[in-house]
Amino acid sequence: MTTSLSATFVAVIIVAVSCAQPAHAFVTNLPRACDYHHTTTCIRLSNEPNGDVFHNSCNTPTRRKFFTAACLSGIIAIPIITPIKSASALTPDQASQSYDTYAETYDKLDGGSIATSLGIDEARTKLLGMAKGDVLEIGVGTGLNLASYRFGEGGVTSLTLVDISDGMLSQAEARIQQMNVDKAIPIQFVKADATSELIKIFGESKFDSVVDTFSLCVMGNDGAKKCIEEMAGVIKPSGKILLVENTRSSNPLLGSYQDLTASSAADLGGKGCVYNQNVGEMISRSKGMRLEKEESFAAGLFRSFVCTKS
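Residues numbered from 1 in each chain as written. Predicted model: local features only at pLDDT ≥ 70, side-chain atom pairs only at ≥ 80, totals over all residues. Heavy atoms only, no water.

## A short note on the packing of aromatic side chains
For any two aromatic rings, the description comes down to two numbers: the centre-to-centre distance and the angle of the planes. Under the convention used in this document: Within 6.5 Å between ring centres, the rings of Phe, Tyr and Trp (the latter by its six-membered ring) count as paired, and their orientation is classed by plane angle as stacked under 30 degrees, edge-to-face over 60, tilted in between. Between buried and exposed lies partly exposed: a residue is buried under 20% and exposed over 50% of the maximum accessible area for its type, with that area taken using a 1.4 Å probe on protein chains only.
Considering all chains together, one arrives at 4 aromatic pairs under this definition. Between Y149 and F151 the ring centres are 6.1 Å apart and the planes differ by 65°, which places this aromatic pair in the edge-to-face class. Under the relative-accessibility criterion, F151 is labelled partly exposed at 24%. Aromatic rings pair up to connect F214, F297 and F302 into one cluster.

## Examining helix α11 (residues 216-234)
This is how it is decided: To qualify as a helix, a DSSP run of H or I must reach at least 4 residues; to qualify as a strand, a run of E must reach at least 2; elements of each kind are numbered from the N terminus. In this scheme, a helix's expected span is set at 1.5 Å multiplied by one less than its residue total. To get the bend at a given residue, fit one axis to the seven residues ending there, fit another to the seven starting there, and take the angle between those axes.
For α11, which comprises 19 residues, the first-to-last C-alpha distance of 17 Å sits more than 12% below the rise-based estimate of 27 Å (1.5 Å per residue). Of all bends in α11, the biggest is about 100°, found at D222. Burial runs high along α11: 14 of the 19 residues are buried.

## Quick word on the nonpolar core
Formally: Nine residue types can take part in a nonpolar core, namely buried Ala, Val, Leu, Ile, Met, Phe, Trp, Tyr and Cys, and a core is a set of them joined through side-chain atoms within 4.5 Å. Here, residues are in contact when the closest pair of their heavy atoms is within 4.5 Å.
Formed by 28 residues in total, the largest nonpolar core has its most connected members in Y149, L159 and F302. Put simply, the parts of the chain that give this core at least two residues each are α8 (120-128), β3 (156-163), α9 (166-177), β4 (187-191), β6 (235-246) and β8 (302-309). The element contributing the most residues to this core is α8, with 4 residues. Once residues within four sequence positions are removed from consideration, L159 is found in contact with V135, L146, Y149, F151, I176, P186, I187 and Q188. In terms of nonpolar packing, the next biggest core, distinct from the first, is built from 27 residues, L136, M231, I235 and I283 among them.

Following this line, the structure appears as structure tokens:
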């Protein structure tokens with residue numbers, strides 16, 4: 001999918017708030033975990049036109065104060081009031097129904113000033129600028145990535161947009177109809193389960209670029225691994241797989257916080273997003289995909305990945 005005020009923002013916002021607020025603020029001011037998204041066979045065709053800001057935002061003494069405060073008030077308090085259990089992903093049917101419900105109001109929870117301040121929009125624009133040729137986007141959602149593509153010569157020459165939700169696909173189609181995209185560029189909307197149907201629908205080695213932003217977390221660990229292998233199957237040998245995903249922070253304290261809160265965040269406000277996945281490890285252990293470049297944002301709470309077919 002595209003990005004949103006997801007469960008990732010819980011930990012990131014705590015990082016930001018900690019620079020300005022005392023320890024007790026963590027208990028009273030924890031933001032609600034928000035959103036995420038998705039990604040199977042009806043096809044609708046259309047030819048009408050989804051920085052690491054906080055990396056240096058706190059000086060070292062302040063960061064130490066934060067980690068102390070978080071440990072005392074955030075990370076300790078949450079396990080006390082929330083039983084620890086493994087986070088579970090949405091099933092494909094649950095995701096389809098859930099995101100049909102969210103579709104019309106999804107943009108209010110996605111993108112916006114918070115995403116910009118966290119560097120998510122910058123990461124998206126930088127990565128999607130690399131997409132070219134025949135492009136497949138998984139979990140397109142409402143189409144928030146669409147404005148970041150370069151259409152035409154040297155950029156995107158055809159675009160296939162996949163989501164598990166009819167409602168999301170309708171929103172994406174409406175968005176692209178409002179954009180000034182050359183009508184000669186084919187744009188296809190496909191309802192599909194990206195964990196099992198990409199190769200079946202499109203065949204092997206069909207796309208020059210495959211894009212996903214923040215969908216793997218909704219698929220759960222098993223589903224994400226399957227989706228990675230599906231993407232590896234449909235990418236051409238010379239192609240690029242471009243990902244921006246929620247990830248478990250490399251910082252031990254924040255990583256522990258994610259582990260403790262992943263289930264509650266997914267259930268209460270994260271729309272099924274399991275936000276503590278180790279996506280880099282999934283890629284390295286996958287069949288058919290090789291990691292070329294990884295970039296960390298917001299204390300490693302989300303990362304971009306550039307991959308190729310192995």
